[in-house]
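# Coordinate inspection notes
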Amino acid sequence: MNILFEILPFLVPVLLVDIALAVAAVRHILRHPRYRFGNRTIWLVIVVVILIFGPIIYFVFGKGENE
Amino acid sequence: MSGYIAFVKKEFTENMKNYRFLILFAVFLIFGIMSAFLAKFTPEILSALAADMEMTSEPVALDAWKQFYKNISGVGFSAFIILFGSCLSNEYSKGTLVLMVTKGLSRKAVILAKYTVAVALMTISYWISYAATYGYTALLWNDTSLAHVVFAAVSLWIVGFLYLSILMIGCVIFKQTFTSILFTGGIVALISLLGMIEPIAKFSPFILTSKNVDLISGKVIPAEFVIPAFVSFILSIFGLLIAIRLFNKKQL
């Protein structure tokens, strides 16, 4: 358990980036009802549950074309 | 010239609005941090999970840079090319360029502005990633024996210009995002194949992506990088000129 507390401070920036991405993605999902595929619930779960890659997958593949 | 500046502004806004910049920033920053982090702690994490595993050697600062160059030259640049592969195909399919070009925006300005913005974003995210790795490496190891750290990073950065210039040609030739990405991948693969042929290997830009770690560890000298960097620079300009020429003849 000791090692976990030793390395945790180094991961804080990664966590911050992940939170920023997730917040941006959730905001975008809630404001835009149309997606290339899938629906709102699926994307919200993906974005929040899959760390870092979830929001990236949403912005690259899931985001609807028409703003 | 004013058309160019206006188009650069438009491109910047577009890249901010469609989250490309945010994604690249996040990916590169995380790669930068993780390169140093994983190099340092993977052995410890493994031995904490499996107590009977013997670690053969203590990780050193060079391992962090090995990870950095592997990640950035592979996944980092791929992410870049995939995200920017749609930079012209979207405009073709929506027909948004026709209006601007017929209203007097020069075609040269379109290509140059797109390239400028791509290069600017690449530069920002690349050096952020570098700074993250550098900071974490300095924090985790008190090792100052490594030489030419900055020079090695600059050489990979120069290759970034070349890749983007090839991508511009691909985007101009093909109407679909996927084919332009495929084109870029093919040319990059060709460059690395040519880099293996003995007589021209010394001049190939491939050295710039493959020998960075050797440069830091002192196995090769910086002088070997000068000609490939120059070749890469010339090829980038050449590629951009080809892209402009092709775009001038392209039907929008």
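Cut-off values and rules
- Residues numbered from 1 in each chain as written.
- Chains lettered and ligands numbered in written order.
- Predicted model: local features only at pLDDT ≥ 70, side-chain atom pairs only at ≥ 80, totals over all residues.
- Heavy atoms only, no water.
- Patch = residues over 30% accessible without salt bridge, like charges linked within 9 Å, V, L, I, M, F, W, Y side chains within 5 Å.
- Areas by Shrake-Rupley, 256 points an atom, 1.4 Å probe, with all protein chains shown as cover.
- Salt bridge = Lys/Arg side-chain N within 4 Å of Asp/Glu carboxyl O.
- Helix = DSSP H or I, 4+ residues; strand = E, 2+ residues; numbered from the N terminus.
- Buried < 20%, exposed > 50% of the residue type's maximum accessible area, 1.4 Å probe, protein only.
- Phe/Tyr/Trp six-rings, centres within 6.5 Å; stacked < 30°, edge-to-face > 60°.
- Lys NZ or Arg CZ within 6 Å of the ring centre and 35° of its normal.
- Contact = heavy atoms within 4.5 Å.
- Buried area = accessible area lost by both parts, 1.4 Å probe.
- Nonpolar A, V, L, I, M, F, W, Y, C, P; charged D, E, K, R; others polar.

With that settled, the discussion passes to a nonpolar patch on the surface. Residues and elements named next belong to chain A. Taken together, the side chains of Phe37, Val45, Val48, Val49, Ile50, Phe53, Ile57 and Phe61 make up a nonpolar region of the molecular surface, amounting to roughly 770 Å² of accessible area. Where the nonpolar patch is concerned, the elements lending two or more residues are helix H3 (40–49) and helix H4 (53–62). By the secondary structure assignment, phenylalanine 53 is in helix H4. The exposure class of phenylalanine 53 is exposed, given its relative accessible area of 56%.

Residue and element names in this part refer to chain B. Scanning the model with the defined rule gives 27 aromatic pairs over all chains in all. With 5.0 Å between their ring centres and 75 degrees between their planes, phenylalanine 68 and tyrosine 69 make a pair best called edge-to-face. Summarising the aromatic geometry, the rings of tyrosine 126 and tryptophan 127 are spaced 5.3 Å apart at their centres and angled 85 degrees between planes, so their arrangement reads as edge-to-face. Taking the relative accessible area as the measure of exposure, tyrosine 126 reaches 0% and is therefore buried. The aromatic ring of phenylalanine 84 is capped on one face by arginine 20, whose charged end is 4.9 Å from the ring centroid. Cation over ring: arginine 107 sits above phenylalanine 247, and NZ or CZ is 5.6 Å from the ring centre.

Turning next to the interface of chain B and chain A. Tallying the contact residues gives 21 residues for chain B and 17 residues for chain A. Between chain B and chain A the total buried area reaches about 1700 Å² when both faces are included, carbon and sulfur atoms providing 84% of it. Counting across the chain B and chain A interface gives 0 salt bridges. Broken down by element, the side of chain B that touches chain A gets its largest block of residues, 13 residues, from helix H2 (residues 20–49) of chain B. Taken together, the residues that form the side of chain B that touches chain A break down as 17 nonpolar, 2 polar and 2 charged.

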